[in-house]
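Per-entry structural report
Chain by chain, the residues:
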Amino acid sequence: MDLKAPIKVYMTRKLIGVSPDDTVKRAGEVMLEFDVGSLVVVEGRDVVGFLTKGDIIRRLVIPGLPNTTPVREIMTTELVAVPSTTPLGDVLDVLSKKGIKHILVEEDGRIVGIFSITDLLEASRRKLETAIATE
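Described below are features of the structure shown in this document.

Scoring rules and cut-offs
- Residues numbered from 1 in each chain as written.
- Predicted model: local features only at pLDDT ≥ 70, side-chain atom pairs only at ≥ 80, totals over all residues.
- Heavy atoms only, no water.
- Helix = DSSP H or I, 4+ residues; strand = E, 2+ residues; numbered from the N terminus.
- Buried < 20%, exposed > 50% of the residue type's maximum accessible area, 1.4 Å probe, protein only.
- Areas by Shrake-Rupley, 256 points an atom, 1.4 Å probe, with all protein chains shown as cover.
- Lys, Arg positive; Asp, Glu negative; His and termini not counted.
- Charge placed at Lys NZ, Arg CZ, Asp CG, Glu CD.
- Contact = heavy atoms within 4.5 Å.
- Pairing = 2+ DSSP bridges.
- Axes fitted to C-alpha atoms, helices over the stretch in contact; angles between N-to-C directions.
- Arc of directions from axis to C-beta.

1. Quick look at the overall build of the chain
- The secondary structure content of the chain amounts to 4 helices and 6 strands.
- Projected onto its principal axes, the C-alpha coordinates of the chain cover approximately 55 × 35 × 25 Å.
- A burial count over the chain gives 33% of its 135 residues as buried.
- When the accessible surface of the chain is split by element, carbon and sulfur atoms take 54% of a total near 8200 Å².
- Charge-centre separation for the chain: the mean point of 18 positive side chains lies 2 Å from the mean point of 20 negative side chains.

Spelled out as structure tokens, the structure:
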């Protein structure tokens, strides 16, 4: 793992999202369908929020809100994003300091990807498999 490599090397470019008007139930179905723990919330062409499984638990399940609640009512609107050229080590520092597991990646003011701890584990797994295959 190269901590100096830009985050764009490790990020996921395929953004999976929902509308702010979608229900949390629909968001959960999308998470399950794509086996992801977070979604971008998109209005038009703009990312206006972020929704994680943790948000659903903290802001919907625990307070006892119905699963028909619109995503906009529980999504995170204070987006945490880093430029795609940010070194992996710096991104890991941001994740640690903010106590988050996902971060948005931007280029030219647009969200172009997402990085999560899962991406780091996947990259480590691929590197290990490559090392084993070359032995």
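2. Here's the deal with the side chain of S38
- Note that S38 resides in strand β2 (residues 38-43).
- The class of S38 is buried, set by a relative accessible area of 9%.
- Every residue in contact with S38, bar those within four places of it in the chain, is listed here: M31, F50, L51, T52, H102 and I114.

3. Some thoughts on the environment of V42
- Along the chain, V42 turns up in strand β2.
- C-alpha separation for the pair V42 and I16, spaced 26 residues apart in sequence, amounts to 9.4 Å.

4. Considerations on the sheet that holds strand β4 (residues 81-83)
- One open sheet accounts for 3 strands, arranged β4-β5-β6; its pairing is mixed. Across the chains shown, the open sheet's two edge strands, defined by having one partner strand only, are β4 and β6 (110-116). On average, each strand axis in the sheet is inclined to that of its neighbour by 35°, with strand direction left out of account.

5. Remarks on helix α1 (residues 24-34)
- Residues of α1 that are buried: V24, A27, V30 and M31. Across the axial projection of α1, the buried residues extend over an arc of 115°, all falling on one side. Across α1 from its buried face, at more than 90 degrees, point the exposed residues L32 and E33.
- On the buried face of α1, the contacting elements are β1 (17-18), β2, β3 (46-52) and α2 (53-61).

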